[in-house]
Amino acid sequence: MTVLARRDSIPKLTGPDRGPKDPASGTAAARRRAFFRDPATIAGLALIGLVLLGAIAAPLVAAIVGHGPIEQFPDESLSDTGLPISGGNGFLLGADDSGRDVFVRTLYGAQVSLFIGIVSTTIALVVGTAVGLIAGFVGGRTDNTLSAFTDIALAFPFLITALSVVTLNRGPQGDDVIDPAWVVIGIVALFSWTYFARLVRGLVIEIKQRSFIHAAIGSGAGRTRIILTEILPNVLPAAIIYWAVQLPANIIGEASLSFLGVGIKAPTPSWGTMIANAQQTGLYQYQPWLLLAPAISLFITILGFNLVSTQLRRRFDPTSTGK
Amino acid sequence: MPLFELDAFSVSFLDPDQPERHQTPARTVDSLSYAVDEGETLAIVGESGSGKSVSLLAATGLLNGDHRTEGAVRFRGHDLLAATPKQRRGILGKEIGFVFQDPQSNLHPFKPVGRQIEEVIAEHTALKPAARRARVLELLGEVGIQDAAQKAQHYPGHLSGGQRQRVMIAIAIALNPALIIADEPTTALDVSVQAGILGLLGRLQREHGTAIVFVSHDLAVVSRIADAIVVLKDGRLVESGPRDEVALAPREPYTRALLEASRARIRPRVRPIRATDAGPAEAEPKPLLGVRGLTKHYRRGSRVTPAVTGLDFTVGAGEIVGIVGESGSGKSTVGKVIAGLQFADSGEILLDGHAYPTKVSTQVPHLPAEVRRSVQLVFQDPYASLNPRRTVFQSIAAPLEANGWSKSSMRERVAEVARRTVVGDELLNRYPVALSGGQKQRVAIARALALGPRLVVADEPLAALDVTTQVEIIELILSLQQSLHTAFLFISHDLGVVAAIAQRVIVLGPNGVEEIGETEQVFTAPRSAYTRTLLDAIPRLDEAEVSTR
Amino acid sequence: MTAFARTQFLRTRLTRMLITVIAVVIVTFVLTQVAFTNPAQNLAPPNASGETIDSIARAYGIDRPWYEQLFGYFVKGPDIQGTPTGFLNWPPSLGYSYQQQRPVTELLLEKIPATLSLAAGALMLWVIFSVLLGVLAARRQGGWFDKVTSGFSYTFLSLPTFVTGMLLIYFLFYQLSLAGFRFFPSSGYVPITESPGEWARHLILPWLTLALAEIAIFQRVIRSSVLEVVNQDYIRTAKAKGLSDRRIYFGHALSGALNPVLTLGGIELAAIIGGAVITEQVFGIDGIGRLAVTSASSGDAPVVIGITLFSAVVFVITTFVVDLITYARSARQ
């Protein structure tokens, strides 16, 4: 399930926006109210808030406890046998095998996850929406070509290809040519734009059939005008909601790449790298926080976004069934 | 003891996001009472939203969505609402059969129809498979399906609309129920098929003595078969009584309005239009629109199906011409070609002296700007015809915007057409969600008029509307024709509607043009046998009333 | 549906599959050419002379221009270390691994049973539990069962595969072992031919790891798909027939809801290979996934291409089969 698509949410391309489907849906304002009152939304927003807070407060916490995210404190944090402590001594969640503060690193990990997730998903949104608009509206040969591209892109095994792509970034001395964060962003975006393209293409094809488009053509409106003023406003909400749906999947993508050792590399704190380190050293048996701190952080981040995006889809997405 | 009875029965929908005890929702069905005796036919009439279907579905436990019921529903004296799910299942399908509106959506798409009939027998009887299958074939024969053994293997998608509805009826009568609930059973069907289905229901009732509750929006349809009629409006009972009382001598103004609406649609247009017109249409040397040999085929992969072949007709300036045909007759294709949305394969189309290009292509033809401006479109489905993300003002202004009008002249023009189409100022800032079906259709007409076209192609503009709203829109179109001298090409499957509005009628049959003529002539002395069957199939309130005209 | 349309459909689909697979091979080939360091350099002893490196390159057929090498892949390449290369041999050859000094086909065949065991077991759990949980949750929308499965779904949807795997190891292997219950091994793979019992015992945690996230997704897909269908008119007809709930949900609703489920299921099935890479890594199962990781990081291009090809073929075939089924179903409509 590490591949990037959120297949539970590949949208159904039916059900145009025909206003409220049941007596309960009500107006936009009512839907907004219902969205913000739903306990799932509140819980999700609270979790996201917590993660954001952690990301912002990371440097502050580091300054207070006096441990930088990549600084090593073997004297304070490793026992005589070289095993890391699991707490105390100013190390809230203990230390890792190199004597680094697990708590501080976990907070910094939030920055990495959010940054890579948000940037890559946004790139995918922009590229995918553009491709989908063109493929769906122009149709014919353009559509076939673009669809064939999407098919081919889907046939690549994400992780295996990513493993090879990452070696591109290896300089002559085995160092990185550009910041690995950007490589990860590129790979994740490369493997997720297709879902936006499919979504938007399907919506465009459906909207194109509706008579208000015929009316616009009949009144002499040009292609660009129709795409920008008639179609785009109708697909954008769904695409943006899908952004929120895809975001947690992309955060998982980054973590998985890092876990396999081809994403963010130690000592930069990334949750995936931290878990890989816990696995490789096997030290989590003595210092469970090595595993649990990044695992729980990943969990609450993804859960938060999942909760909110599900609610968004349920309340606002014309392509969703509202269940 | 009546067979089936609603007693002060109310239904209200609940908001699934709120706890039930905090809600006091409006009643969709409000203290409704009526009863059917054994062997009797009761018609329930009302417009959409009157609660006629909701009341029956809720009464039998088939209503989807969170709702609350009050009052009592009795079948043979037993309260259905108090019954356990198991008891209710024992009655449904066995003692009460159902026929729903759209047989396409009401049959399972992935099961052969024979199995769908067999299922209900299997559930309620201990018959062996062989006996069940024999019974299925017998039923298919009884509802008038030829070739039963073969048809039983078909999926619903491979049957015609009429055949599918016959299958639904076979399911309903499979176990000789005491009551059949028929919810708009003919609304989704072509007129020529409607008559057959109504006849079938009537025959089955005579033969088996089944009681029928027949739900319809059309007083004319039900007056053919009902013993008694109940009229509903906004969930409340307006009037009820024996058929002759309600259908021929209604006491309530609302029933009279329904009746009037039903009649208006089948009265051929006899207004003296020419007197107020600029001049008789056919007297003009050149018609506004001249079509000769219009031909268009649809290509899907390697399959080519003709939509229209060799159609000739004209529309004079300021004239209303109707095109009538059943589904598949190619009438919508004609509309799209005339409106400039599709190429014709061949043929000559002249609008105001400008020739349309013809080509075998799926693309949108490129027409000169003045041709685009002089022909505009109004569509069937008012939901899909307005962009949900634009306000009414923006929608009406869209064609002006596309043609580069300035902001101030745009505002003036929108106000002008809004006034003419009776779109109130208070609607201009609303989004389509907040409009009724009739209002949406007015806005769509306003948008079509914005550029001051000489011809408006209206493709089934009334099909999605209630009868009373239909009358309003018909009157609006007639008044626009008078005041603006705009010509209309009015496309419909409904001969009655066309009769009420068009000066001349083109009847399209499955094999092309059947008849073209003045409305009165087509209605009173149809030349083609096909037109005659269409005319005969129109449900009438009273045969005598029509023939005297 | 005419026979002609059927052949047409098959022909376009098969061409498209072939093009996709070829495109995947070409892209991967170019990628490995650009990305990996010259394998001859890696194979040569340190401080080897240019001549030595050249002779090694000749021996592995990598002295030829890249397009010749690529072309050789699709037809017949040179023999390397006595192994024929290229598809047009019998049996078709996927080349020769520099690092392992063995034919790639042989390597793949050796690793496939482990990956297949992993995928097949997970698939079984996945299908059975998704359908069961999904339909039962839809049957009482908003009821306690729906709420519990929804919580389950959110939980495993929010855990990356490797985290699930690590947590299972930590709690079910390590903590249980500490408590004196040593049932689950933490890693390793035992071929089914050696001992079916051990095989299953070693695979239980990996199966769970791989299946849990998939069940979490699919349970929801099936639930919402069934819920959508439940509001369809033909389900109302089924109720109007007086059918029992079990027949309505598992007979009518499920079969009506199957189209989206099948489509997504096909993609998801192929994605199991992606999940297998991680699961094998976490549980130290010596399958295709692990081979991919080691080969990619050591720059063993023929193996990387072979594995990419293998999974592309699996993907293309599964989506094709799913399309065939949906096509057959749509032909009924």
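Residues numbered from 1 in each chain as written. Chains lettered and ligands numbered in written order. Predicted model: local features only at pLDDT ≥ 70, side-chain atom pairs only at ≥ 80, totals over all residues. Heavy atoms only, no water.

In the nomenclature of an unreviewed UniProt entry, chain B is known as ABC transporter ATP-binding protein of Herbiconiux daphne. The heading Sequence similarities (unreviewed entry) in the UniProt record of chain B holds the text "Belongs to the ABC transporter superfamily." (UniProt positions renumbered as here; feature names shortened; annotations may be inferred.)

As recorded in an unreviewed UniProt entry, chain A goes by the name ABC transporter permease, listed as coming from Herbiconiux daphne. Note on chain A: under the UniProt heading Sequence similarities (unreviewed entry), the record states "Belongs to the binding-protein-dependent transport system permease family." What the UniProt record of chain A gives under Subcellular location (unreviewed entry) is the line "Cell membrane".

Another point: the overall build of chain A. Along the backbone of chain A there are 12 helices and zero strands. Shown N-terminal to C-terminal, the secondary structure of chain A runs as helices and strands in the order α-α-α-α-α-α-α-α-α-α-α-α. A buried classification covers 57% of the 323 residues belonging to chain A. Expressed as a percentage of contacts within chain A between residues at least 6 apart in sequence, the contacts between residues at least 24 apart total 74%. Entry remark: accessible area of chain A is about 12400 Å², with carbon and sulfur atoms responsible for 64%. (Helix = DSSP H or I, 4+ residues; strand = E, 2+ residues; numbered from the N terminus. Buried < 20%, exposed > 50% of the residue type's maximum accessible area, 1.4 Å probe, protein only. Contact = heavy atoms within 4.5 Å. Areas by Shrake-Rupley, 256 points an atom, 1.4 Å probe, with all protein chains shown as cover.)

Here we come to the interface of chain A and chain B. Between chain A and chain B, the contact holds 25 residues from the first and 28 residues from the second. Across the chain A/chain B interface, buried area totals approximately 2200 Å², and carbon plus sulfur atoms make up 55% of it. The tally of links from chain A across to chain B stands at two salt bridges. Across the pair A:Arg225 and B:Glu401 runs a salt bridge, and its minimum N-O distance is 3.3 Å. At the junction of chain A and chain B, the tally comes to 10 residue pairs in polar contact (both at pLDDT 80 or more). At the level of secondary structure, the elements contributing two or more residues to the side of chain A that touches chain B comprise helix H9 (211-218), helix H10 (223-259) and helix H12 (289-316) of chain A. Considering only residue class, the side of chain A that touches chain B consists of 10 nonpolar, eight polar and seven charged. (Buried area = accessible area lost by both parts, 1.4 Å probe. Salt bridge = Lys/Arg side-chain N within 4 Å of Asp/Glu carboxyl O. Polar contact = N/O pair within 3.5 Å; in protein donor to acceptor, adjacent residues only side chain to side chain. Nonpolar A, V, L, I, M, F, W, Y, C, P; charged D, E, K, R; others polar.)

Attention now goes to the pairing of strand S16 (residues 375-378) of chain B. Residues and elements named next belong to chain B. Burial along S16 is two-sided: Val375 and Leu377 and Gln376 and Val378, pointing in opposite directions, are all buried. The pairing of S16 with strand S17 (residues 455-459) spans four bridges and is parallel. Within the sheet, the bridge partner assigned to leucine 377 lies in S17 and is valine 457. (Pairing = 2+ DSSP bridges.)

Bringing the pattern of salt bridges into the picture now. Applying the stated criterion across every chain yields a total of 40 salt bridges over all chains. Between A:Asp96 and A:Arg100 there is a salt bridge, with the nearest N and O atoms lying 3.1 Å from each other. Each member of the pair, A:Asp96 as well as A:Arg100, carries the same accessibility label: buried. Of the charged contacts, one joins A:Asp143 and A:Arg201 as a salt bridge, the two residues approaching to 2.7 Å between their closest N and O atoms. Note that A:Asp143 is positioned in helix H5 (residues 140-155) and A:Arg201 in helix H8 (residues 193-209), a separation of 58 residues in sequence. Judged by relative accessible area, which is 8%, A:Asp143 ranks as buried. Three or more residues joined by partner-sharing salt bridges are found here, namely C:Arg102, C:Glu106, C:Glu110, C:Lys111 and C:Asp286.

With that settled, the discussion passes to the interface of chain A and chain C. Each partner contributes to the interface: chain A provides 50 residues, whereas chain C provides 54 residues. With both chains or domains summed, chain A and chain C bury close to 4800 Å², and 73% of this area falls on carbon and sulfur atoms. The tally of links between chain A and chain C comes to one salt bridge. Where chain A packs against chain C, one counts seven residue pairs in polar contact (both at pLDDT 80 or more). Put simply, the parts of the chain that give the side of chain A that touches chain C at least two residues each are H5, helix H6 (158-167), H10, helix H11 (271-281) and H12 of chain A. Among the elements that make up the side of chain A that touches chain C, the one with the highest residue count is H12(A) (10 residues).

All names here are of chain B. Ordered in space as S6-S7-S8-S3-S9-S10, the six strands form an open sheet in which the pairing is mixed. Lying at the two open borders of the sheet, with one neighbouring strand each, are strand S6 (96-99) and strand S10 (236-242). For this sheet the average axis-to-axis angle between neighbouring strands, irrespective of direction, equals 15°. As paired elements, strand S3 (residues 41-45) and strand S8 (residues 211-216) share five bridges and run parallel to each other. Paired with isoleucine 44 across the bridge in S8 is valine 215. Seen against the sheet, helix H1 (residues 52-59) touches S3, strand S7 (179-183), S8 and strand S9 (228-233) and runs at an angle of roughly 140° to S8. The sheet strands contacting helix H7 (residues 161-173) are S6 and S7, and the helix crosses S6 at an angle near 170°. (Axes fitted to C-alpha atoms, helices over the stretch in contact; angles between N-to-C directions.)

UniProt feature "transmembrane region" (unreviewed entry): in the numbering of this structure it lies at residues 40-65, 114-139, 146-168, 180-200, 226-245 and 289-308 of chain A. As annotated, residues 40-65 of chain A comprises 100% helix and 0% strand, and the C-alpha atoms at either end are separated by 34 Å.

With that settled, the discussion passes to the environment of C:Phe283. Residues and elements named next belong to chain C. Relative to the assigned elements, phenylalanine 283 resides in helix H10 (residues 245-283). The sequence separation of phenylalanine 283 and threonine 7 amounts to 276 residues, and the corresponding C-alpha distance is 45 Å. For phenylalanine 283, the contacting residues outside a window of four places in its chain are Gly165, Ile169, Ser186, Ser187, Gly188, Leu205, Pro206 and Thr209.

Let us now look at the sheet that holds strand S5 (residues 78-79) of chain B. Residues and elements named next belong to chain B. In space, the four strands of this open sheet follow the order S2-S1-S4-S5, with antiparallel pairing throughout. Each of the sheet's edge strands pairs with one partner strand only, and the pair in question is strand S2 (27-36) and S5. Note: strand S1 (residues 4-13) against strand S4 (residues 67-75), eight bridges, orientation antiparallel. Residue pairing in the sheet places serine 12 in a bridge with arginine 68 of S4. Contacts from H1 reach S1, S2 and S4, with the element oriented near 105° to S1.

Once that is clear, we can look at the confidence of the model for chain B. Residues and elements named next belong to chain B. Confidence in the prediction for chain B averages 85 pLDDT; 92% of positions are at 70 or higher. Per-element confidence in chain B is highest for S6, whose mean pLDDT is 94, and lowest for helix H22 (residues 543-547), whose mean pLDDT is 36. The low-confidence segment residues 268-283 (pLDDT under 50) makes 30 contacts with residues lying over four places distant or belonging to another chain. Counting interchain partners and residues more than four positions distant, the pLDDT-below-50 stretch residues 542-549 has seven contacts. In the predicted assembly, ipTM is 0.83 and pTM is 0.79. (pLDDT = per-residue confidence, 0-100.)

End to end, helix H17 (residues 437-449) of chain B covers 19 Å across 13 residues, agreeing with the expected 18 Å (1.5 Å per residue, within 8%). Tucked into the core, H17(B) has its buried residues touching H9 of chain A together with S16, helix H15 (392-402), helix H16 (407-420), S17 and helix H18 (467-484) of chain B. (Expected span 1.5 Å × (residues − 1).)

Moving on, we come to the nonpolar core. Formed by 200 residues in total, the largest nonpolar core has its most connected members in B:Phe313, B:Ile338, B:Leu455 and C:Val226. In terms of residue count, helix H8 (residues 196-230) of chain C provides more of this core than any other element does, 17 residues in total. Residues in contact with B:Leu455, not counting those within four places in the same chain, are B:Leu288, B:Leu289, B:Val315, B:Ile338, B:Leu351, B:Ser374, B:Val375, B:Gln376, B:Thr486, B:Ala487, B:Phe488 and B:Leu489. Listed in part, the 85 residues of the second largest apolar core include B:Val136, B:Leu175, B:Val213 and B:Ala247. (Core = buried A, V, L, I, M, F, W, Y, C linked by side-chain atoms within 4.5 Å.)

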